[in-house]
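Okay, here's what each chain looks like letter by letter:
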Amino acid sequence: QVQLVEYGGGLVQAGDSLRLSCENHGRTFADSSMGWFRQAPGKEREFVADISWSGIIDHYADSVKGRFTISRGDAKNTVSLQMNSLKVDDTAVYYCAARRNSYTTYDNLSSYEYWGQGTQVTVSS
């Protein structure tokens, strides 16, 4: 079984940086992709970033492009999200997710079979 656990959320000020990490404590499937989603109060969960098994291919939501960087550990069971120049609008619960089929749509929630419990990121003005 895949068991995703997120680390690193917290309270920061606008303009600050924060790094989130996610570790898979269970089975790692070859060629699986990993991603980050977020959900703000009263809003739907939305795509943030995704990275391939190799770590070479990544995708970002337009709202975070140029500010966030996703990376994958050499052991393939960890993924991180470096968030710079944080904005108040980045406040949300951030979820780590994994999908076994790299050919599914990377920004679609239904493509991901496994999810972490989420970590809160709060950005104050």
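Bear in mind the structure is a predicted one, so any value in this text is a computation, not a measurement.

A. Summary view of the confidence of the model for the protein. Of the residues in the protein, 100% reach a pLDDT of 70 or more, and the chain-wide mean stands at 94. Across the protein, strand S11 (residues 119-124) holds the top mean pLDDT of 98, while strand S1 (residues 4-7) sits lowest at 95.

B. Local environment of the packing of aromatic side chains. Summed over the entire model, instances satisfying the criterion amount to 6 aromatic pairs. Ring centres of Phe29 and Tyr114 lie 6.3 Å apart, and the angle between their planes is 10 degrees; on these two criteria the pair is classed as stacked. Taken together, the residues span a long stretch of sequence, with Phe29 in the loop between strand S3 (18-24) and strand S4 (33-39) and Tyr114 in strand S10 (residues 114-115) at a distance of 85 residues. Take Phe29 and Tyr114: they sit in the same class, and that class is buried. Between Phe37 and Phe47 the ring centres are 5.7 Å apart and the planes differ by 75 degrees, which places this aromatic pair in the edge-to-face class. With Phe37 in strand S4 and Phe47 in strand S5 (residues 46-51), this pair connects stretches of sequence that are 10 residues apart. With relative accessibility at 0%, the residue Phe37 sits in the buried group. Phe47 sits in the buried class, given a relative accessible area of 10%. Site record: aromatic cluster; members linked through ring pairs are Phe37, Phe47, Tyr106, Tyr112 and Trp115. Sitting over the face of the ring of Tyr95, Arg45 holds its NZ or CZ atom 3.6 Å from the ring centroid. It is Arg45 that lies over the ring of Trp115; its NZ or CZ is 5.0 Å from the centre.

C. Region of interest: the state of the cysteines. Counted according to the given criterion, the structure contains 1 disulfide. Two residues share a disulfide in this structure: Cys22 and Cys96, whose sulfurs sit 2.1 Å from each other. On the sign convention where negative means left-handed, the S-S torsion of about -80 degrees between Cys22 and Cys96 marks this disulfide as left-handed. Here Cys22, found in strand S3, pairs with Cys96, found in strand S9 (residues 92-99); they are 74 residues apart in sequence, far enough to count as distant. The class of Cys22 is buried, set by a relative accessible area of 1%. The exposure class assigned to Cys96 is buried, which follows from its relative accessible area of 0%.

The rules behind each value
Residues numbered from 1 in each chain as written. Predicted model: local features only at pLDDT ≥ 70, side-chain atom pairs only at ≥ 80, totals over all residues. Heavy atoms only, no water. pLDDT = per-residue confidence, 0-100. Helix = DSSP H or I, 4+ residues; strand = E, 2+ residues; numbered from the N terminus. Phe/Tyr/Trp six-rings, centres within 6.5 Å; stacked < 30°, edge-to-face > 60°. Buried < 20%, exposed > 50% of the residue type's maximum accessible area, 1.4 Å probe, protein only. Lys NZ or Arg CZ within 6 Å of the ring centre and 35° of its normal. Disulfide = S-S within 2.5 Å.

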